[in-house]
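Listed below are the residues making up each chain.
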Amino acid sequence: MKPEKRLEEKKAKDVIQVAESLSTEGVSREISNLKIEISKMLAQISDHLEEVNKFKAIQNAIALKEKELEELYEIERSALT
């Protein structure tokens, strides 16, 4: 038998063994674990999005206050001239 053919057969046997070793219970458990991990990741993303929204709100507030200060400075400068 050719070495390539033996290698293919060995790979096929390995794949079959892995497939046979999987149980319905094991697959269900892994799916449940994945669901839990996904939920945790989504919660973290949600928390990060909240922080981003807070940051944007703070940036907007700073921009408004800067504009207000500029207007006050202009008023004061006008009053002094």
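> Can you walk me through the overall build of the chain in this structure?
Scanning the chain from terminus to terminus reveals two helices and zero strands. When its C-alpha atoms are laid out on the principal axes, the chain stretches across 100 × 35 × 5 Å. Considering the chain as a whole, with its 81 residues, one finds that 1% of them fall into the buried category. Of the accessible surface of the chain, which amounts to about 8,000 Å², a share of 61% is contributed by carbon and sulfur atoms.

> Could you clarify how one ought to interpret helix α1 (residues 3-21) in this entry?
The periodicity of an α-helix, 3.6 residues per turn, causes residues three or four places apart in sequence to face the same way. Counted at 1.5 Å a residue, the expected span for α1 with its 19 residues is 27 Å, and the 27 Å between its end C-alpha atoms agrees. Sparse coverage of α1 is indicated by the burial of zero of its 19 residues.

> How should I be thinking about a nonpolar patch on the surface in this particular structure?
Judged by side-chain polarity, Leu34, Ile38, Leu42, Ile45 and Leu49 come together as a nonpolar surface patch covering roughly 500 Å² of accessible area. Residue placement: Leu49 occurs in helix α2 (residues 24-80).

> Is there a simple way to think about the pattern of salt bridges in this case?
Charged atoms that come close allow side chains of opposite charge to pair. Applying the stated criterion across every chain yields a total of six salt bridges. In this structure, Lys10 and Asp14 form a salt bridge, with 3.3 Å as the shortest nitrogen-oxygen distance. Residue Lys10 and its partner Asp14 are both found in helix α1; the two are separated by four residues, about one turn of the helix. Owing to a relative accessible area of 32%, Asp14 belongs among the partly exposed residues under this scheme.

Cut-offs applied
Residues numbered from 1 in each chain as written. Predicted model: local features only at pLDDT ≥ 70, side-chain atom pairs only at ≥ 80, totals over all residues. Heavy atoms only, no water. Helix = DSSP H or I, 4+ residues; strand = E, 2+ residues; numbered from the N terminus. Buried < 20%, exposed > 50% of the residue type's maximum accessible area, 1.4 Å probe, protein only. Areas by Shrake-Rupley, 256 points an atom, 1.4 Å probe, with all protein chains shown as cover. Expected span 1.5 Å × (residues − 1). Patch = residues over 30% accessible without salt bridge, like charges linked within 9 Å, V, L, I, M, F, W, Y side chains within 5 Å. Salt bridge = Lys/Arg side-chain N within 4 Å of Asp/Glu carboxyl O.

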